[in-house]
Amino acid sequence: MNEDDLTFDRQHIWHPYTSMSNPLPCYPVVSAREVMLQLADGRQLIDGMASWWAAIHGYNHPRLNQAISTQMTQMSHVMFGGITHPSAVALCRQLVAITPDALQCVFLADSGSVAIEVAMKMALQFWQARGEQRQRFLTLKRGYHGDTFSAMSVCDPQNAMHSLWKGYLPQHFFAPAPQCRFDAPWQQDDVTPFARLLAQHQQEIAAVILEPIVQGAGGMRFYNPEYLRQVKAACDRDGVLLIADEIATGFGRTGKLFACQHAKITPDILCLGKALTGGTMTLSATITTRQVAETISNGAAGCFMHGPTFMANPLACAVACESLALLQENRWPAQVAAIEQQLRAALMPLRAEALVADVRVLGAIGVVETHCPVDMAAIQRFFVARGVWIRPFGKLIYLMPPYIISPDALSRLTQAVALAVKDATLFLTAE
Ligand SMILES: *Cc1c(COP(=O)(O)O)cnc(C)c1O
């Protein structure tokens, strides 16, 4: 890639959440291996982001590559309407086996946001089939569920700029974000506003939708498992479905295979994505109970009304299968535990820094929250100059590296963060 390519990129290509008229600089990556990203100019960066929760086994994994090439020689794609194929069956067998017993019926779609659309549609069709008018959802402030419209409608209203879509976006119910931290003593009043909202509007609410334990893109917050337990109990009591969005937390990131396990609960609908294919291809799964699936299927439509063109894409299914096989070799619990321990030791002392508001660590996720938002271009340059790829947002500098990262490489990441939070020039002073 040369200067010309970068100019073309700047002038013609949208990147996530960027301006087309005044884009932030982009770094050209030409290849990646294990935990290293290779820049076009030859520099190598240690990846602290796992490409947004996804690349849990690192990049260019020989077994994941092999799974894709083997499938490719059979077929890269075939329609899923009226056709099935071995990779889809093998993947769904594994998904049914590793998720809680009650979750039996799998819908494969293209991305996390679509998995959320599918889950919300399932809840709506479920109540329609039961002859009840329930078309609203209850969720938590500071949540994030994706960028399509239904997903956006249950994202934090401020973060997702609901004001932009006023009059267009459906109106749902928002409980305050949980305050009681993951490892703090449980405070019963934390869940009271949620329980009150649910009781008040129970007849209108199709489902509660939330991210279990870790609120990701909405603030990187870790809440108390007892909160989730009580949400589940309240949903059962009031006869409302529970949708767990484990698109970010699934596949070991929080120290459990699924974050719901911290609270020992089973949702009615579970959404998976991101790390499902080990970060190689886009794929998501929405998994529900036999009861939800049958109720929908016995309703007026006689079917579930969704069917994407690239549903159960064979390449994506094959590589997801292999990623799950790697997880099943069970190296991840020790890897994630070691990352957690090292993140704690290296990041917790940063609480003493004047620029730092909070530090929190859970599983292979380390978060340093600062008082002021980062100067994105400046801090990105700072990190790249130190050989690491860390992409903060707002007041959050966070690490969620591939599970295979070595202690040395992880030290390089935490040292870069420690240096950054001593340098006031990397932060904006305005809120
Ligand atoms: C990333 C994410 C999504 C959306 O997934 P996409 O694949 O980006 O559409 C939904 N929910 C959570 C919790 C996520 O982290």
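Note that the structure is a prediction, hence the values are computed from the model and not measured.

Reading guide: rules and limits
Residues numbered from 1 in each chain as written. Predicted model: local features only at pLDDT ≥ 70, side-chain atom pairs only at ≥ 80, totals over all residues. Heavy atoms only, no water. Salt bridge = Lys/Arg side-chain N within 4 Å of Asp/Glu carboxyl O. Helix = DSSP H or I, 4+ residues; strand = E, 2+ residues; numbered from the N terminus. Buried < 20%, exposed > 50% of the residue type's maximum accessible area, 1.4 Å probe, protein only. Pairing = 2+ DSSP bridges. Contact = heavy atoms within 4.5 Å. Axes fitted to C-alpha atoms, helices over the stretch in contact; angles between N-to-C directions. Near = heavy atom within 4 Å. Polar contact = N/O pair within 3.5 Å; in protein donor to acceptor, adjacent residues only side chain to side chain. Areas by Shrake-Rupley, 256 points an atom, 1.4 Å probe, with all protein chains shown as cover. Nonpolar A, V, L, I, M, F, W, Y, C, P; charged D, E, K, R; others polar. UniProt positions renumbered as here; feature names shortened; annotations may be inferred.

1. As for the pattern of salt bridges
Next, step 1: By the definition in use, this model includes 14 salt bridges.
Next, step 2: Residue Asp 358 is joined to Arg 181 by a salt bridge in which the shortest nitrogen-to-oxygen separation is 3.0 Å. Remark: Arg 181 occurs in the loop between β6 (173-175) and α7 (192-201) and Asp 358 occurs in strand β13 (residues 356-362); sequence separation between them is 177 residues.
Next, step 3: Using a relative accessible area of 32% as the deciding quantity, one classes Arg 181 as partly exposed.
Next, step 4: Across the pair Asp 358 and Arg 351 runs a salt bridge whose closest N-O atoms are separated by 3.7 Å.
Next, step 5: Here Asp 358 falls in the buried class, since its relative accessible area comes to 13%.
Next, step 6: Looking at Arg 351, the relative accessible area reads 43%, which means it is partly exposed.
Next, step 7: Connected through shared salt-bridge partners, Arg 181, Arg 351, Asp 358, Arg 360 and Glu 369 make up one network.

2. Quick word on the sheet that holds strand β15 (residues 388-389)
Next, step 1: Reading across from one edge, β1-β2-β3-β15 is the order of the four strands in this open sheet, with mixed pairing throughout. What marks the edges here is a single partner per strand, and that holds for β1 (29-33) and β15.
Next, step 2: Strand direction decides the pairing type here: strand β2 (residues 36-39) and strand β3 (residues 44-47), joined by three bridges, are antiparallel. The residue of β3 that forms the bridge with Gln 38 is Gln 44.
Next, step 3: On the sheet, helix α13 (residues 407-420) packs against β3 and β15 and is oriented at approximately 90 degrees with respect to β3.

3. Thoughts on the site of the ligand
Next, step 1: Close to the ligand lie Ser 111, Gly 112, Ser 113, Tyr 144, His 145, Gly 146, Glu 211, Asp 245, Ile 247, Ala 248 and Lys 274.
Next, step 2: Side-chain polar atom of Ser 113 to an oxygen atom of the ligand: 2.6 Å apart, as the coordinates give it.
Next, step 3: Lys 274 places a polar side-chain atom, nitrogen or oxygen, 2.6 Å from an oxygen atom of the ligand.
Next, step 4: Coverage of the ligand by the protein chains reaches 82% of its 380 Å² of free accessible surface.
Next, step 5: Per-class residue counts for the shell around the ligand are three nonpolar, five polar and three charged.

4. What to know about the UniProt feature "binding site: pyridoxal 5'-phosphate" (unreviewed entry) in the protein
Next, step 1: Those places that UniProt annotates as "binding site: pyridoxal 5'-phosphate" (unreviewed entry) correspond, in this numbering, to Gly 112, Ser 113, Asp 245, Pro 308 and Thr 309. Sequence-wise these annotated residues cover 198 residues; spatially they are dispersed, their C-alpha atoms as much as 23.1 Å apart.
Next, step 2: The topology assignment puts Gly 112 in helix α5 (residues 112-129).
Next, step 3: We classify Gly 112 as buried; its relative accessible area is 16%.
Next, step 4: Locating Thr 309 in the fold gives a position in the loop between α9 (290-297) and α10 (314-328).
Next, step 5: Classification of Thr 309 as exposed rests on a relative accessible area of 61%.

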